Amino acid sequence: MTGPKTLYEKIWDAHTVESREDGTSLIWIDRHLVHEVTSPQAFEALRAAGRKVRRPDLTLAVPDHNLPTTARRDSAGHRIAIKDPQSAQQLAALEKNAPEFGIRLIGDADREQGIVHVVGPEQGFSLPGATIVCGDSHTACHGGLGALAFGIGTSEVEHVLATQTLQLKRSKTMEVRVEGELGAGVTAKDLVLHICGTLGASGGTGYVIEYTGSAIRGLSIEGRLTVSNMAIEHGARAGLIAPDEKTFAYVQGRPYAPKGADWDKAVAWWKSLATDPGATYDKVVVINAAEIAPTVTWGTSPEDTVAIGGVVPAPESFADPSKQEAARKSLAYMGLTPGQKMTDVEVQNVFIGSCTNSRIEDMRAAAAVVKGRRKADNVRWAIVVPGSGLVKEQAEAEGLDKIFIEAGLEWREPGCSACLAMNPDKVPSGERCASTSNRNFVGRQGPGARTHLVSPAMAAAAAVTGKLTDAREFLA
Amino acid sequence: MKPINHVAGTAIPFGAKNVDTDVIIPAHWLKTITREGLGKGAFEAIRAEEGNIFDTERNKGAPILIAGDNFGCGSSREHAAWALLDMGITCVIAPSFSDIFSGNAFKNGILTVVLPQEAIDRLLVVAVDQPIDVDLESQTVTTPFQDRFTFEIDPFRKHCLLGGLDEVGLTLSRDAAIKQHEAKIAADLPFLATASAA
Ligand code: SF4
């Protein structure tokens with residue numbers, strides 16, 4: 001294909017091994033991240049068929065979902081046993097499979113360990129223009145660097161391990177253009193929650209979304225990773241943000257980043273990837289950044305968003321009858337009444353973490369709010385879970401851990417934690433949680449748990465007041 | 001993947017509509033590390049009841065399941081296909097399937113047969129005490145009473161199922177093209193071609 005192309009089309013074309021008549025293409029995969037939950041059956045199938053991993057050097061294994069966020073080694077350096085036998089078994093399987101197939105493993109006690117989607121960019125393993133996959137739907141995160149990154153199922157994990165390719169159909173393209181400047185105290189998380197509300201949970205189905213516009217360019221790389229992370233929450237296969245000087249500065253010098261002459265080559269190619277003038281998208285959505293307020297969710301879908309100054313909507317306010325029904329169910333589950341002010345909603349739990357918001361900037365934003373303040377008495381449990389061991393080290397070097405601890409929050413070891421509650425970090429049934437994660441589904445943070453998605457500053461503000469709160473009040 | 005052509009024998013006359021993957025295999029079974037053994041968790045809620053259709057002397061281990069509309073809707077968990085296989089089911093007949101489920105079934109060598117509701121209704125009656133015969137090569141479902149229903153199937157999927165060709169095997173047969181691309185990346189985009197922390 002000649003003529004002007006979008007960023008997505010350029011990456012797709014550069015990775016096409018061959019195209020078939022039925023519209024599928026065989027796509028080369030540059031980087032494969034593996035964690036303990038979706039990989040055991042893939043390795044098992046390889047073993048049964050006597051197959052090898054084609055490119056172990058392009059594969060990186062990191063446990064994250066099941067790991068407890070409490071200490072993993074005792075004072076003598078011995079492993080502390082994991083109580084849930086099934087979690088222990090999945091972790092043990094990864095520790096056995098990775099070396100057996102020649103794959104590098106960042107283990108539970110390594111200082112680089114963390115959530116796969118935090119570790120990939122942090123290590124320079126994830127690169128702009130690369131095709132990146134992982135058996136996890138939030139792989140879209142890496143699109144913040146300008147990588148074509150998406151989640152895959154276990155058979156596809158096996159397929160990539162064995163062939164370093166995937167059979168895929170090309171997606172439609174959507175541009176979500178956010179123009180203007182975000183107001184003071186309005187963050188990347190508020191921006192992406194607002195997009196979720198605008199597009200709806202399935203508005204991006206069948207598309208790869210490219211986020212463009214001055215507000216997106218104005219975000220830090222951390223912020224861009226936060227936005228792209230949630231592309232899947234509007235149904236998109238992947239999110240993309242064109243790499244620019246900020247991206248290059250972020251990638252340069254990281255352990256796996258290109259070096260020397262390779263670096264110059266890489267930057268030249270990355271610059272060439274930007275969508276050409278005149279290239280068209282299948283759909284374009286324009287959003288005015290100035291209209292975005294700190295945003296929270298009221299329901300059980302990430303599309304159920306409202307500005308913090310707003311109220312719980314009435315189910316009848318939705319035009320679509322099926323949405324009315326869904327809203328009724330959501331409100332019953334969430335224990336909320338239409339018309340209730342969001343700032344009157346009390347929370348008993350606060351979770352700051354997950355691949356959406358556990359990078360150093362997120363830690364800083366939360367610490368700035370709680371500094372010199374105390375957790376409210378009605379907040380029973382508030383934990384801060386850094387996205388990786390390196391984020392943890394950096395935060396500790398800046399004294400952020402002390403700020404959290406003095407405010408009555410817990411400072412934990414890195415992992416997925418209460419984002420999906422596969423480890424012991426769960427929100428009790430019927431209790432509410434202000435959470436910086438990405439999904440407020442029924443039972444996501446534990447059976448019966450009620451989740452309100454918010455930014456790190458907003459979660460910190462909720463910890464201090466015990467209610468959903470406009471974090472801008474704390475920004476003197 | 002085992003080649004599949006002829007599936008003959010007991011068919012479980014289940015018939016339920018909109019059976020989602022949570023019904024096929026509840027979420028708490030996702031913490032496993034193998035594909036095997038999930039048969040125990042298959043249709044767990046239904047099978048908790050005494051005298052349920054799956055555990056009768058006759059239906060236990062049956063190779064065919066007859067279901068209603070929209071079989072396999074809900075989450076994308078491949079465990080649903082693994083659970084059916086582990087129960088011994090290699091063929092599901094229904095008026096329609098969710099896309100993700102039929103894809104997962106295919107990837108695991110389960111034949112999904114789509115027939116109109118009238119044909120399903122007839123099979124549900126016959127299957128109560130008679131065997132059903134499914135032939136992929138001729139794309140027909142037959143009964144001992146001269147019933148004969150033909151079904152459509154994507155030619156590519158048919159080819160793969162008959163040959164027991166899994167997607168991995170098929171892609172591996174394109175090794176020359178993959179090698180060529182690999183070499184091109186190494187030449188043009190060396191910074192992507194390898195990943196080392198040296
Ligand atoms: S932090 Fe949450 S969303 Fe991210 S990879 Fe872990 S479980 Fe998935």
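Model, not experiment: these values are computed from the prediction.

Reading guide: rules and limits
The residue numbers shown here count from 1 along each chain, following its written sequence. Here chains are named by letter from A upward and ligands by number from 1 upward, in the order in which they appear as written. Totals for whole chains, interfaces and linings use all residues, but because this is a predicted model, local features are given only for residues with pLDDT of at least 70 and pairs of side-chain atoms are given and counted only at 80 or more. Processing note: side-chain calculations cover all non-hydrogen atoms of the structure and skip hydrogens and water entirely. To be near a molecule or strand, a residue needs just one of its heavy atoms within 4 Å of it. We call Asp, Glu, Lys and Arg charged. Ala, Val, Leu, Ile, Met, Phe, Trp, Tyr, Cys and Pro are nonpolar, and the rest, Gly among them, are polar. Start and end positions for the domains come from either an automated domain assignment or a database one. Each helix corresponds to a stretch of at least 4 residues labelled H or I by DSSP, and each strand to a stretch of at least 2 residues labelled E; elements are numbered beginning at the N terminus. Take the residue count of a helix, subtract one, and multiply by 1.5 Å to get its expected span. For each residue, the accessible area found with a 1.4 Å probe, counting protein chains only, is set against the maximum for its type, and the residue is called buried under 20%, exposed over 50%, and partly exposed in between. Summarising the geometry, the arc corresponds to the directions from the helix axis toward the C-beta atoms. Residues scored as charged are limited to Lys and Arg (positive) and Asp and Glu (negative), so that His and the chain ends carry no count. Every case where a carboxyl oxygen of Asp or Glu lies within 4 Å of a side-chain nitrogen of Lys or Arg is listed as a salt bridge. Here, two residues are considered to be in contact whenever any of their heavy atoms come within 4.5 Å of each other. An axis is simply a line fitted to the C-alpha atoms; with a helix, the fit covers only the stretch in contact. Between two such axes, the angle follows the N-to-C directions and lies from 0 to 180 degrees. With respect to orientation, any angle under 35 degrees is reported as roughly parallel, any angle over 145 as roughly antiparallel, any angle of 65 to 115 as roughly perpendicular, and every other angle as oblique. Throughout, a crossing is termed right-handed when the near helix is turned clockwise from the far one, and left-handed when it is turned anticlockwise from it by less than a right angle. Two strands qualify as a pair provided DSSP detects at least 2 bridges between them. Between 30 and 60 degrees the pair is tilted, below 30 it is stacked and above 60 it is edge-to-face, where a pair is any two Phe, Tyr or Trp rings, Trp via its six-membered ring, whose centres lie within 6.5 Å. In this scheme, Lys NZ or Arg CZ marks a charge over a ring once it lies within 6 Å of the ring centre and within 35 degrees of the ring normal. Here's the idea: put two parts together, see how much 1.4 Å probe accessible area each one loses, and the total over both is what we call buried area.

### Focus on the site of the ligand
All names here are of chain A. Every residue lining the ligand is accounted for by His65, Ile115, His117, Asp136, His138, Ser354, Cys355, Cys416, Cys419, Leu420, Asn438 and Arg444. The class makeup of the residues in the shell around the ligand is 5 nonpolar, 5 polar and 2 charged. When residues of the shell around the ligand are assigned to domains, at least three fall in each of domain 1 (7-168) and domain 3 (295-474).

### As for helix H3 (residues 85-100) of chain A
All names here are of chain A. Taking 1.5 Å per residue, 16 residues should reach 22 Å; H3 reaches 22 Å between its end C-alpha atoms and fits that length. Of the residues making up H3, those classed as buried are Ser87, Gln90, Leu91, Ala93, Leu94, Asn97 and Ala98. On an axial view of H3, the arc spanned by its buried residues comes to 155 degrees, and they lie on one face. Set apart from the buried face of H3 by more than 90 degrees, the exposed residues are Pro85 and Pro99. Phi turns positive one or two residues past the end of H3, at glycine 102, with a value near 75 degrees.

### As for the side chain of A:Asp401
Residue and element names in this part refer to chain A. Along the chain, aspartate 401 turns up in helix H14 (residues 400-406). Buried and unpaired, aspartate 401 has no salt bridge, with lysine 402 as the nearest side chain of opposite charge at 4.5 Å. Excluding residues that lie within four positions of it along the chain, aspartate 401 makes contacts with Ala395, Glu396 and Trp411.

### Structural notes on the packing of helix H3 (residues 79-87) of chain B against helix H4 (residues 99-107) of chain B
All names here are of chain B. Where H3 contacts H4, the axes come no closer than 8 Å and their chain directions differ by 50 degrees. Comparing the axis directions of H3 and H4 gives the class oblique. Here the hand of the crossing between H3 and H4 comes out right-handed. Contact residues: H3 offers Ala80, Ala81 and Leu84, while H4 offers Phe101, Asn104 and Ala105. Across the contact of H3 with H4, the residue classes break down as 5 nonpolar, 1 polar and no charged.

### Section: the sheet that holds strand S3 (residues 64-66) of chain B
Residue and element names in this part refer to chain B. A sheet is described by the order of its strands in space; here 4 strands give the open sequence S2-S3-S4-S5, paired in parallel fashion. The open sheet terminates on both sides in strands that have one partner only, identified here as strand S2 (11-13) and strand S5 (111-114). Ignoring strand direction, the axes of neighbouring strands in this sheet form an average angle of 20 degrees. Sheet topology note: the S3/strand S4 (residues 91-94) ladder contains 3 bridges and is parallel. Within S4, the position partnered with isoleucine 66 by the bridge is isoleucine 93.

### Here's the deal with the packing of aromatic side chains
Residues and elements named next belong to chain A. All told, the structure shown has 15 aromatic pairs over all chains when counted by the stated rule. For the ring pair phenylalanine 125 and tyrosine 256, a centre distance of 5.6 Å and an interplane angle of 85 degrees mean the geometry is edge-to-face. Here the residue phenylalanine 125 occupies a position in the loop between helix H4 (116-123) and strand S6 (131-134), and tyrosine 256 occupies one in the loop between helix H9 (245-251) and helix H10 (260-272), the gap between them amounting to 131 residues. We note that phenylalanine 125, like tyrosine 256, is buried. One residue, arginine 31, lies across the ring of phenylalanine 125, its end atom 5.6 Å from the ring centre. Against the face of phenylalanine 318 rests lysine 323, its NZ or CZ located 5.5 Å from the ring centre.

### Digging into the domain arrangement of chain A
Residue and element names in this part refer to chain A. Its domain assignment divides chain A into domain 1 (7-168), domain 2 (170-241 + 269-291) and domain 3 (295-474). Distance from the C-alpha centre of domain 1 to the C-alpha centre of domain 3: 28 Å. Facing 25 residues of domain 1, the contacting portion of domain 3 comprises 25 residues. Between domain 1 and domain 3 lies a buried interface of about 1,900 Å² when both sides are counted; carbon and sulfur atoms form 58% of it. Taken together, domain 1 and domain 3 are joined by 1 salt bridge.

### Overview of the pattern of salt bridges
In this structure the tally under the stated criterion is 37 salt bridges over all chains. Between A:Glu325 and A:Arg328 there is a salt bridge, with the nearest N and O atoms lying 3.3 Å from each other. On the criterion of helical spacing, the pair formed by A:Glu325 and A:Arg328 is a turn pair, its members being 3 residues apart in helix H11 (residues 321-334). Owing to a relative accessible area of 39%, A:Glu325 belongs among the partly exposed residues under this scheme. One continuous salt-bridge network, built from bridges that share partners, spans A:Arg54, A:Arg55, A:Asp57, B:Asp175, B:Lys179 and B:Glu182.

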